[in-house]
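Commentary on secondary and tertiary structure
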Amino acid sequence: MTAGYTIRRICKDDYEGIIDTLKVLTVVGDLSRSQFEEIVDHWDSVHVNGTTTRQYNPHVIVEEATGQIAATGNIIIERKLIHQGGLCGHIEDIAVSKNHQGKRLGRFLIDNLTQLGFDAGCYKVILDCDEKNVPFYEKCGYYRAGVEMQIRPN
Ligand code: ACO
């Protein structure tokens, strides 16, 4: 881990910092504090098996000196029928704030979320990304597999 930073699970106090950090990824839109808190409650309450493994594992990397959120990302653990009721991890919404990029925080975040998935018993961890981010994910040990497709409502 880059000196001066720590990683932890998201909590309700992270509202402003998370919204700000996610701006490098996409438009967050009009998400109120109470909506954010309701989503964090939901994330905290859902488990994939018993009470040990949480389905949603949203994390933040915090700069110790300022308390500022420098990066965020999530791994969602899906319980499947295939692979004998196996678990598949989905890495989502990775963002490192502009002024914290290039300090290996992204790499640390991906390594942590991936390990969390493997520790939970996932037989694989997958993610979708833009072509421009492929070299970054390759440095994190990921390789190309399949093609992402999507459809949106009219
Ligand atoms: N092209 C080539 N190499 C890259 C790139 C890139 N775009 N980005 C990082 N790297 C390399 C670095 O040079 C470094 O290499 P090194 O170990 O040989 O020195 C290695 O990857 C690790 O880089 P980090 O410093 O950990 O990268 P950073 O903390 O800046 O995070 C990230 C990278 C997450 C892509 C960041 O730039 C970002 O938040 N971008 C905007 C939002 C975004 O695109 N998020 C990913 C969406 S995909 C998803 O959510 C599943």
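One structure accompanies this document, and this report is about it. Quick caveat: nothing in here was measured; it's all calculated off a predicted structure.

Turning our eyes to something else, we now look at the site of the ligand. Among the 22 residues in the neighbourhood of the ligand, the closest are listed as Ile94, Val96, Arg104, Arg107 and Lys139. Between a nitrogen atom of the ligand and a main-chain N or O atom of Ile94, the distance comes to 2.7 Å. In the model, an oxygen atom of the ligand is placed 2.8 Å from a nitrogen or oxygen of the Val96 main chain. Against a free-state accessible area of 980 Å², the protein chains account for coverage of 75% of the ligand. Taken together, the elements giving at least two residues each to the shell around the ligand come down to strand 6 (87-96), helix 4 (105-120) and helix 5 (134-139). Top contributing element to the shell around the ligand by residue count: strand 6, with five residues. Across the shell around the ligand, the residue classes break down as eleven nonpolar, four polar and seven charged.

The next subject is the sheet that holds strand 6. Strands sit in the order 1-4-5-6-7 across an open sheet of five strands; the sheet is mixed. Strands with a single pairing partner mark the edges of an open sheet, and in this sheet they are strand 1 (5-9) and strand 7 (122-126). The average undirected angle you get between the axes of adjacent strands in this sheet is 20°. Relative to strand 5 (residues 69-79), strand 4 (residues 56-63) runs antiparallel, the two sharing seven bridges. Bridging across to strand 5, Asn57 finds its partner in Ile75. Helix 1 (residues 15-22) rests against strand 4, strand 5 and strand 6 of the sheet, and its axis sits at about 90° to strand 5.

Turning our attention to the nonpolar core. The biggest cluster of nonpolar side chains holds 22 residues, and the ones touching the most others in it are Ile61, Ile77, Ile91, Ile94, Ile110 and Tyr142. If you list the elements that add at least two residues to this core, you get strand 5, strand 6, helix 4 and strand 7. Among the elements that take part in this core, helix 4 stands out by supplying six residues, more than any other. When neighbours within four sequence positions are excluded, Ile61 is seen to be in contact with Met1, Tyr5, Thr6, Ile7, Gln68, Ile69, Ala70, Ala71, Leu105, Phe108 and Leu109. By size, the runner-up hydrophobic cluster in this structure holds twelve residues, among which are Phe36, Val40, Val60 and Val62.

Calculation notes
Residues numbered from 1 in each chain as written. Predicted model: local features only at pLDDT ≥ 70, side-chain atom pairs only at ≥ 80, totals over all residues. Heavy atoms only, no water. Near = heavy atom within 4 Å. Polar contact = N/O pair within 3.5 Å; in protein donor to acceptor, adjacent residues only side chain to side chain. Areas by Shrake-Rupley, 256 points an atom, 1.4 Å probe, with all protein chains shown as cover. Helix = DSSP H or I, 4+ residues; strand = E, 2+ residues; numbered from the N terminus. Nonpolar A, V, L, I, M, F, W, Y, C, P; charged D, E, K, R; others polar. Pairing = 2+ DSSP bridges. Axes fitted to C-alpha atoms, helices over the stretch in contact; angles between N-to-C directions. Contact = heavy atoms within 4.5 Å. Core = buried A, V, L, I, M, F, W, Y, C linked by side-chain atoms within 4.5 Å. Buried < 20%, exposed > 50% of the residue type's maximum accessible area, 1.4 Å probe, protein only.

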